Amino acid sequence: EKETKVAQKQAAWSEDTKSIAPVLLQDIKALNRQRFVLPDQELNRVLGGGLVPGSLVLIGGQPGIGKSTLLLQMALNANANILYISGEESGEQIKMRAERIGIKNNACFLLPETNVSKMLKAAKKLGPSLIIVDSIQTMLSPHIDSSPGSITQVRECTNDLQRFAKETNIPIFVVGHINKDGAIAGPKLLEHIVDTVLQFEGDRNYSYRILRTIKNRF
């Protein structure tokens, strides 16, 4: 009887290990995915030639530096379905800013929401080409018992966005504020989770801005 149980365990283990067997590197087929080309050529250049499908891009900068305006301008000029999720401004406030910029994209959808679960359900139903989340510090996961902007919430929400991006191949832009030291607010782990980190710099009193690539896996 013992021998039968051992044999069953060995058979089960053998069955489980079939799916995790090592594969020769030269036998793996490379995915030739076309990048999502943005309407802003300089932003494309900073990203390395456009957005990679399923990538998670974090853009950090001081409050009022123009992060939201840059991404809204990109969404309004893109020739694709864009979902702009805002946890900081109402739909009316964003509409006023959009009218000042100029609405050229008739497929730009707006969702004022802070609950990540509801947000991802709406995104899955819509199936956009690109998602913008403004900002990560305002998002909350209903599974975590802490306030928005806390280390636990920021980490959990970022992980949820990362999983969604990889499963659906939809690229996601995430806005993140920086603290007094110039680092992106929240856990340092945040920069390790995302695929690309962009730093938006400049003086709020002048019109010029610098967008730096701090990290880019692609």
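Computed from a predicted model, the values in this text were never measured in an experiment.

By size, the foremost hydrophobic cluster in this structure holds 28 residues, and its most contacted members are Leu-38, Phe-173 and Leu-198. Those elements that provide at least two residues to this core are α2 (41–46), β1 (56–61), α3 (67–77), β2 (82–86), α4 (91–101), β4 (130–134), β5 (172–177) and β6 (196–201). At six residues, α3 tops the list of elements feeding residues into this core. Beyond its immediate sequence surroundings of up to four residues, Leu-198 is in contact with Leu-43, Val-46, Leu-47, Val-57, Leu-58, Ile-59, Gly-60, Phe-173, Leu-211, Arg-212 and Thr-213. By size, the runner-up hydrophobic cluster in this structure holds 23 residues, among which are Met-119, Met-139, Leu-161 and Leu-190.

Glancing now at the pattern of salt bridges. Evaluated as defined, the whole model comprises seven salt bridges. Glu-42 serves as the salt-bridge partner of Arg-45, at 2.8 Å between the closest nitrogen and oxygen. One end of the pair, Arg-45, and the other, Glu-42, are both in helix α2, three residues apart, so they sit about a helical turn from each other. Using a relative accessible area of 57% as the deciding quantity, one classes Arg-45 as exposed. Judged by its relative accessible area of 47%, Glu-42 falls in the partly exposed class.

Cut-offs and rules
- Residues numbered from 1 in each chain as written.
- Predicted model: local features only at pLDDT ≥ 70, side-chain atom pairs only at ≥ 80, totals over all residues.
- Heavy atoms only, no water.
- Core = buried A, V, L, I, M, F, W, Y, C linked by side-chain atoms within 4.5 Å.
- Buried < 20%, exposed > 50% of the residue type's maximum accessible area, 1.4 Å probe, protein only.
- Helix = DSSP H or I, 4+ residues; strand = E, 2+ residues; numbered from the N terminus.
- Contact = heavy atoms within 4.5 Å.
- Salt bridge = Lys/Arg side-chain N within 4 Å of Asp/Glu carboxyl O.

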